[in-house]
Amino acid sequence: MIWKRSAVLRFYSVCGLLLQAAASKNKVKGSQGQFPLTQNVTVVEGGTAILTCRVDQNDNTSLQWSNPAQQTLYFDDKKALRDNRIELVRASWHELSISVSDVSLSDEGQYTCSLFTMPVKTSKAYLTVLGVPEKPQISGFSSPVMEGDLMQLTCKTSGSKPAADIRWFKNDKEIKDVKYLKEEDANRKTFTVSSTLDFRVDRSDDGVAVICRVDHESLNATPQVAMQVLEIHYTPSVKIIPSTPFPQEGQPLILTCESKGKPLPEPVLWTKDGGELPDPERMVVSGRELNILFLNKTDNGTYRCEATNTIGQSSAEYVLIVHDPNALAGQTGPDHALIGGIVAVVVFVTLCSIFLLGRYLARHKGTYLTNEAKGAEDAPDADTAIINAEGSQVHAEEKKEYFI
C-alpha cells in the first residue's frame, strides 16, 4: 500500500512539472509576439518633440523611455528624470508617449523604448533638431557708388543646421554667378554660411533693390531676406527739346534742356554759337528753358545746353533754322500746278476720244452713201445718172441693213 501511494504521488509530481513547463513555454511564446514600435522625429530648435512607443500585443508588460545618455525618462506613467520640459502624453499597456518642449540642439540623439519581456526588447527613435538660421546681413555697400565701379556685396547668416542656402535677386531676377562659403560653428553642430556677389554698376542700377534670401527647411517655406537699395552717382545726360518742329519768323520758341544725373544738375548753361546769348531781352532763360519771344533770321545758329554735377559735365546742341511763314505756307498748301496739269491731261484725252469717235462714225456713213450712188458714177449725163440712181435705190430697197 505504501509503495502504491508513493507511486501515485510521483505521478502527480511529474504531471505538475510538465504542466508548469508547458505554461512557462506558452508565456515565452506569447512574449515573442510583443515588439515595441517607434518612429524618428524631426523638430525645429525651440519646438516640442513627441516620442511615441506602441505595442500591438502586450500582456501587462511595462514600457520605458530613456534618453541618449541612457537615463530613464518615464517608466510606464512614472517620471524618472527631473526635467520640467519632459511631460507624459499617454500611458497604457499598448502605448507610452512623452513630450519634450523647448528642444535644444543638445537634445538631439537616439532615444530608446524598452519593453520588459524576457528578454527585454527595445526600439530606437532618432530625434533630429534643426538649427534655425539667423536673419541674414548684407555688408560691403558704401553709399554712394560711382557709375562703372565694381561692387562686392556679401550676405551672411549663422546658426543653421543643416547649412542654409543663400540666393541673390536683383530686380526680382535671380543672379546665379555668386560665391558660396560654409563654415562650422564653434559648437560643432551648426553652420555659418556666406555668399558674395560681384558686379559692375551703371546708372540703371540706381534705386534698385538687391535682395539676399536664405532658404532652410526649418523656416516652413517662409525664407528670411535682407535688402540693400543701391545709390549710384553718374554724370548728366542732356537732350534739347524744341516747342515746335518748324520755327517760324515772328513766332515764339521754347527750347527745353532735359538733363538727368545724380546728383541732379542745377542750373544749366545756355550758349549760342560758342558764346553768350546775343539778345538777353528777347532770349530769356528760365530754369532749364530758353524762351525766344519772337524769332527772326538773325536767330539762326547752334544753341548749346550744358549740365554739370559733382561727377562730371555733359552737353547737347540744337541747330535753329528760322523759316519764312509765307514759304512754309506755299510748301504746305495744295500744288495748283500739279492739279492744273492733271486737269489738262484729262481734257486732252477726252477731246481726243470725241474726235476719234466722230471720225469713225463719219467714215462709216460716207461708205454707205457711196454704195447707194455707185450706179450714177458712170452716167454720161444728169438724166441718166438720176435713172441709174433710182434703179440703185430700187435694188437698195431689196437689201437688208443692220446697224449695231
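Residues numbered from 1 in each chain as written. Predicted model: local features only at pLDDT ≥ 70, side-chain atom pairs only at ≥ 80, totals over all residues. Heavy atoms only, no water.

Draft legend 1. Summary view of the sheet that holds strand 14 (residues 165–170). Taken in spatial order, the four strands make up an open sheet running 15-14-18-19, and their pairing is antiparallel. Edge positions in the sheet fall to strand 15 (173–175) and strand 19 (224–229), since each has one partner strand and no second. On average, each strand axis in the sheet is inclined to that of its neighbour by 30°, with strand direction left out of account. Relative to strand 18 (residues 209–215), strand 14 runs antiparallel, the two sharing six bridges. Bridge assignment links Ile166 to a residue of strand 18, and that residue is Val214. (Pairing = 2+ DSSP bridges. Helix = DSSP H or I, 4+ residues; strand = E, 2+ residues; numbered from the N terminus. Axes fitted to C-alpha atoms, helices over the stretch in contact; angles between N-to-C directions.)

Draft legend 2. Region of the structure containing the state of the cysteines. Inspection of the entire model under this criterion finds three disulfides. With its sulfur 1.9 Å from that of its partner, Cys53 forms a disulfide with Cys113. On the sign convention where negative means left-handed, the S-S torsion of about -75° between Cys53 and Cys113 marks this disulfide as left-handed. Residue Cys53 is found in strand 3 (residues 49–55), and its partner Cys113 is found in strand 9 (residues 109–115); the two are separated by 60 residues along the sequence. Neither Cys53 nor Cys113 differs from the other in exposure class; each is buried. (Disulfide = S-S within 2.5 Å. Buried < 20%, exposed > 50% of the residue type's maximum accessible area, 1.4 Å probe, protein only.)

Draft legend 3. Spotlight on the pairing of strand 9. For strand 9, the buried fraction is high: six of the seven residues fall into the buried class. Where strand 4 (residues 63–66) meets strand 9, four bridges bridge the pair, whose relative direction is antiparallel. Paired with Gln64 across the two strands is Ser114, which belongs to strand 9. Sheet topology note: the strand 9/strand 10 (residues 121–130) ladder contains seven bridges and is antiparallel. Considered in strand 10, the bridge of Ser114 is made with Thr122. Where strand 9 hands over to strand 10, the hairpin turn is made up of five residues, counted between the paired strands.

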